[in-house]
Amino acid sequence: MPTGNAFVDRWVEQVRGLTTPDRVVVCDGSEAEREALTAECLASGELIALDQQSLPGCVLHRSASHDVARTEHLTFISTTDKDDAGPTNNWMARDAAHARLTPLLRGAMAGRTMYVVPFLMGPPGSRFSKVGVEVTDSRYVVLNMRTMTRVGAVALDALDGSDDFTRCLHAMGDLSPERRFIVHFPEENTVWSIGSGYGGNALLGKKCLALRLASWMARQEGWLAEHMLILGLRSPEGRTYYVTGAFPSACGKTNLAMLVPPESMPGWKIWTVGDDIAWLRPGPDGRLWAVNPEAGFFGVAPGTSHKTNPTAFEMIRRNTIYTNVALRPDGTPWWEGHDDPAPPKALDWQGRPWTPASKEKAAHPNSRFTTPATECASLSPEFANPNGVPIDAILFGARRQRRVPLVYEARSWQHGTFLGATLSSETTAAATGKVGVLRRDPMAMLPFCGYNMADYWGHWLDVGRALTRPPRIFRVNWFRTGDDGKFLWPGFGDNLRVLKWILERCDGGGAAVETPIGLVPTPDALDRNGLRLRAETLAHLLRVDAAEWVEAVEGQEHYLRSFGSHLPAGIYQEHLDLARRIHDAVAPEGWTR
Ligand code: GTP
Ligand code: SPV
Ligand code: MN
C-alpha cells in the first residue's frame, strides 16, 4: 500500500525487504483505525480494557518487566567523526552500527505486521514543524504515536512530495536488553531502534527525532530543540506571559505545565502549551518563540493526584493509554501517590496479585499515561499556533536536596547558559539505573543532545546573540530538603509564587539580593499570602551558603575542562567569575588570592 510519496515508499520497501513482515499497513490516523487496532490489541492481550463507565476510551498496557524506562547505555549517536557526538554521548561508528543492527533487524518482523506511520511534529503550516515516518511492528507504538504526534495525511501533505523526513525504523525484536539498541544517524536523518517497546526508546518522534536529531538540525538552522515545558500565565492585571522550563526526566515539567493556582492567589490564569519538548526560534521581533512539537502527553503516573495535579488527574480519565500501573478489581488503575488509599487487593504492574502488605510497589515508579493534548482542560488556545508563543523567561530546574536555593536569577543570557550547562540533578526512574544519584545533566539534555554538548552550549550563546529581547533565565529547585529529609517547599500549585516573582523580575520589579551565584529574592519578595511556611523554612529555602559552593566550583572546573577545545570561552569565563565570587565570599578578611 503506497503512501503517495515516492521517497517514503522506496524507503518502506527497503525496510520491508530487510525485516520481512507478513503484511504492511500504512496508517491514516483515522478513528476507525484506532478502533480496529485497539480491538486487535484487546484480543491479543497487548491491551486490557479498563472500566469504560468511569474511564471511557482508557486501556492498560503491561510492558515486558525489563522494558520499563529509557536505556541510556544502549542509546547511541552514530556520526562519521566521534568528536561530533562529544564526550557525553555513546558513539558508534556508522559501519559498526550497521554491522551490529542489520543482523538483528533482518527478518525481525517475520510473521508480523509492519505499520507505516507518517507523522508531523509541530503544528500544521508552521515553519517550526518537521515530518517523520516511523515503521514499527508494535501496535502499542502505533496507538501511542497517534496520540503523541499528528499522524496521516497531515504529515504527508506537509512533506509535499519531498524526501525531507526522518526515517524512523523500530522493531520489537526479542526485547532482550542484550540485543537492544537505539541508534541515531544525524547525518542521514535516520533512527534505528530495536529491542524495546518503551516510550522514549520506541516512540521515535519524541526523544529521538524531536530532541536528538532536532538538536542537530537546530544547530544547522539557527534554532534550539529543548527538553522543556511551555507554560502561559495571565496575571490578575491581565498581562500574558510565556515561560519555558528545562527539568530532567521526572523532575516536574508536566506538573508545572498544568499548574493550578492556589486559592490564595486569585485572578491568575494558567495555560498549558507543552509538557516535555519545546522548539525555540528567534523571531523577527528579536524575541524567542516556542512551539510544542508534540500532540499529547506521555506523563509520569505515580504522584499524580487531585491534590498535586488536578488538571492531569481529570485529563487522564478519558482516551488514555496507561502503561505499567496497578489494576484494581473494579477495572480502574491505581498508583503510589493516588488520592485513593492503597486498595486492599489489586494486580500490580506485572499483573501479579498485590496487597498493601506486599514489599514491592503496585505501579512501576516510571509507569506512564498517554493522553491527547485536547483532553487537557488548561490547553492553551495558542497550542497549535504555527508561530508559537513569545518567551519571557526560561527556567532550569532539577532535583537538589541540598545547596541550591528555591530560585535565583542569572545576570545575563551568557550567565544563564552557564547555569544550564552546569545543571545537576538526582537521577529518577525515567531511565534505568540507580535512583537518587547526583549527576550532571546540562540543560536537562544529557540523554537527549544529538551532538557535542560543548558545541551545544556554544550554539546557545549564538542564539542569544540573535535575540534583541532575550528571555531572562532562572534556576529553580522545588526539591530542597530539611534535616528530616522532607521537602521544604510545598511545590505544585505553590510554585506559582516563584513564577510570580520571576515575572515581576521580567517587568523590572521584584526585590532581589545579589549573591555569589545569582540574584535571590528577598523573603518578602515572594507572595506568601495564604502560604503556611515558617520564616526559618523560607530562609533555609533561599539560603546561599558560599562555603557549600566551594566544592561544587572545584568539581565544575574539572567537568568543564573535560570538553577540551570545544568549551566556549564565554562558559569558562562564567565559571571563573563564579569561582572568584565564591572565593571572595568565603575568604577571611584581608585574605587575597
Ligand atoms: P518526564 O515526562 O520524565 O520528562 O518528567 P516531568 O519533568 O514531566 O516530571 P513530572 O511533572 O511528571 O513529575 C515527576 C514527579 O515529580 C511526579 O511524581 C511528581 O508528583 C513530582 N513533582 C512534580 N512537581 C513537584 C513539586 O513541585 N514538588 C514535589 N515535591 N514533587 C513534584
Ligand atoms: C523522559 O524520560 O524524559 C520522558 C519519558 O519524557 S520518555 O518519552 O520515555 O523519554
Ligand atoms: Mn521528558
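Everything numeric here is computed off the predicted structure, so don't read it as measured data.

**Student:** How would you explain the site of ligand 2 if you had to name every residue and give the values?
**Tutor:** Ligand 2 sits among 13 residues. The nearest are R70, Y198, G200, K207 and S249. In this structure, an oxygen atom belonging to ligand 2 sits 3.3 Å away from a side-chain N or O atom of D276. Look at ligand 2: alone it shows 280 Å² of surface, and the protein chains cover 98% of it. Mapped onto the shell around ligand 2, the elements with two or more residues apiece are α7 (199–202) and α8 (205–221). A per-class count over the shell around ligand 2 returns four nonpolar, four polar and five charged. Here the shell around ligand 2 spans two domains, since at least three of its residues come from each of domain 1 (6–46 + 64–221) and domain 2 (225–292 + 381–549).

**Student:** I'd like a description of the environment of Q414, backed by residues and values.
**Tutor:** Relative to the elements of secondary structure, Q414 occurs in helix α11 (residues 413–421). Residues Q414 and S215, spaced 199 residues apart in sequence, show a C-alpha to C-alpha distance of 19 Å.

**Student:** Please set out unusual backbone geometry residue by residue, giving values where relevant.
**Tutor:** Unlike most non-glycine residues, T20 shows phi in positive territory, near 45°. As for its placement among the helices and strands, T20 is situated in the loop between α1 (6–19) and β1 (23–26). Even without being glycine, D160 reaches a positive phi, approximately 50°. Inspection of the secondary structure puts D160 in the loop between α6 (153–159) and β8 (165–171).

**Student:** With reference to specific residues and values, describe the coordination of the manganese ion (ligand 3).
**Tutor:** Within the first shell, the manganese ion (ligand 3) binds the protein through K207 (NZ), H227 (NE2) and D276 (OD), at distances of 2.2 to 2.4 Å. With six donor atoms in place around the manganese ion (ligand 3) and angles of 68 to 173° between them, the coordination shape is irregular. Of note, the manganese ion (ligand 3) draws all its donor residues from one chain, in the sequence arrangement K-x19-H-x48-D. Placement of the pair is K207 in helix α8 and D276 in the loop between β14 (269–274) and β15 (278–282), with a sequence separation of 69 residues. Given the relative accessible area of 8%, D276 is considered buried.

**Student:** Can you explain the confidence of the model for the chain? Please cite residues and give values.
**Tutor:** With 99% of its residues at a pLDDT of at least 70, the chain reaches an overall mean of 97. Across the chain, the element-wise mean pLDDT spans from 95 in helix α15 (residues 546–561) up to 99 in strand β11 (residues 224–226).

**Student:** Lay out the packing of α11 against helix α16 (residues 569–586) with the relevant residues and their values.
**Tutor:** Packed helices, taken two at a time, are described by their axes: the angle between them and the distance between them. For the pair α11 and α16, interaxial distance at closest approach is 9 Å and the crossing angle is 85°. By the criterion of interaxial angle, the relationship of α11 to α16 is roughly perpendicular. On α16, the residues that touch Q414, H415, T417 and F418 of α11 are G570, I571, E574, H575, L578 and R581. Of the residues in the contact of α11 with α16, the class split is three nonpolar, five polar and two charged.

**Student:** Describe the site of ligand 1, naming the residues involved and giving the relevant values.
**Tutor:** Around ligand 1, the surrounding shell holds 22 residues, and the nearest of these are A250, K253, T254, N255 and R368. At 3.0 Å from an oxygen atom of ligand 1 is found a side-chain nitrogen or oxygen belonging to R399. Take the shell around ligand 1: its biggest share by element is three residues, from helix α9 (residues 253–257). In terms of residue class, the shell around ligand 1 is built from ten nonpolar, eight polar and four charged. Residues lining the shell around ligand 1 come from more than one domain, with at least three contributed by each of domain 2 (225–292 + 381–549) and domain 3 (298–375).

**Student:** Before we move on, could you go through the sheet that holds strand β18 (residues 321–323) and cite the residues and values that matter?
**Tutor:** In space, the five strands of this open sheet follow the order β2-β3-β18-β23-β17, with mixed pairing throughout. Strand pairing shows two members of the sheet lacking a second neighbour, β2 (48–49) and β17 (296–300), which therefore form its edges. Relative to strand β23 (residues 368–372), β18 is paired through three bridges, and the arrangement is antiparallel. Residue pairing across strands places I321 opposite T370, the latter belonging to β23.

**Student:** Explain the sheet that holds β15 to me, and be specific about the residues and the numbers.
**Tutor:** Taken together, four strands build an open sheet; the order of strands is β11-β15-β16-β24 and the sheet is antiparallel. The two strands at the open ends of the sheet, each matched to only one other strand, are β11 and β24 (389–390). Bridge count for β11 against β15 is three bridges, and the pairing is antiparallel. Along β15, the bridge assignment pairs A225 with W279. In this fold α8 packs onto β11 and β15, with an angle of close to 160° to the strand it touches most, β11. Together, β11, β15 and β16 (288–291) form the strand contacts of helix α12 (residues 453–465), whose direction differs from that of β11 by roughly 120°.

**Student:** Tell me about the domain arrangement of the chain, and name the residues and values.
**Tutor:** On domain assignment, one finds that the chain holds domain 1 (6–46 + 64–221), domain 2 (225–292 + 381–549) and domain 3 (298–375). Using only C-alpha atoms to locate each centre, domain 1 and domain 2 end up separated by 31 Å. Contact with domain 1, which involves 38 residues of that partner, is made by 34 residues of domain 2. Buried area between domain 1 and domain 2, both sides added, is near 3000 Å², and the carbon and sulfur share of it is 56%. The largest contributions to the domain 1 side of the interface with domain 2 come from F128, L211 and R219, which together make up 24% of the buried area. Taken together, the links from domain 1 to domain 2 amount to five salt bridges. For the side of domain 1 that touches domain 2, the secondary structure elements donating two or more residues are α3 (82–85) and α8. A per-element tally of the side of domain 1 that touches domain 2 places α8 first, with twelve residues.

The rules behind these values
Counting from 1, residues in each chain are numbered in the order their sequence is written. For naming, the first written chain is A and the first written ligand is 1, with later ones following in the order written. Restriction of local features to residues with pLDDT of at least 70 applies here, the model being predicted, together with a cutoff of 80 or more for giving and counting side-chain atom pairs; totals for whole chains, interfaces and linings are based on all residues. Only hydrogens and water are set aside when side-chain values are computed; all heavy atoms of the structure are taken into account. Here, proximity means that at least one heavy atom of the residue falls within 4 Å of the molecule or strand. We call two N or O atoms a polar contact when they sit within 3.5 Å, provided that within protein one can donate a hydrogen and the other can accept it, with sequence-adjacent residues counted only if both atoms are side-chain atoms. Here the accessible surface of atoms and residues is derived via Shrake-Rupley with a 1.4 Å probe, and residues count as covered only by protein chains that are part of the display. Working definition: helices are DSSP H or I runs of at least four residues, strands are E runs of at least two. Numbering for both runs from the N terminus. Each residue receives one of three labels: charged for Asp, Glu, Lys and Arg, nonpolar for Ala, Val, Leu, Ile, Met, Phe, Trp, Tyr, Cys and Pro, and polar for the others, Gly being one of them. Throughout the structure description, domain borders are defined by an automatic or database domain assignment. Any N, O or S atom lying within 2.8 Å of the metal counts as a donor, with the limit raised to 3.2 Å for Na, K and Ca; because water is left out of the atom set, some sites can appear incomplete. Only four donors with every angle between 85 and 135 degrees are called tetrahedral; only four or six donors with opposite donors over 155 degrees apart and all others between 65 and 115 are called square planar or octahedral, in that order; all others are irregular. Burial classes follow relative accessibility: with a 1.4 Å probe on protein chains only, a residue under 20% of its type's maximum area counts as buried, one over 50% as exposed, and anything between as partly exposed. The pLDDT score gives, residue by residue, the confidence of the prediction method on a 0 to 100 scale. To get an axis, a line is fitted to the C-alpha atoms, and for a helix only the part in contact is used. The angle between two axes follows their N-to-C directions and goes from 0 to 180 degrees. When an angle is under 35 degrees it counts as roughly parallel; over 145 it counts as roughly antiparallel; between 65 and 115 it counts as roughly perpendicular; any other value is oblique. The contact definition used throughout considers only heavy atoms, calling two residues in contact when any of these lie within 4.5 Å. Only when DSSP finds a minimum of two bridges between them are two strands counted as paired. When two components associate, each loses some accessible surface as probed by a 1.4 Å sphere; the sum of these losses over both components is called the buried area. By definition, a salt bridge exists where a carboxyl oxygen of Asp or Glu is found within 4 Å of a side-chain nitrogen of Lys or Arg.

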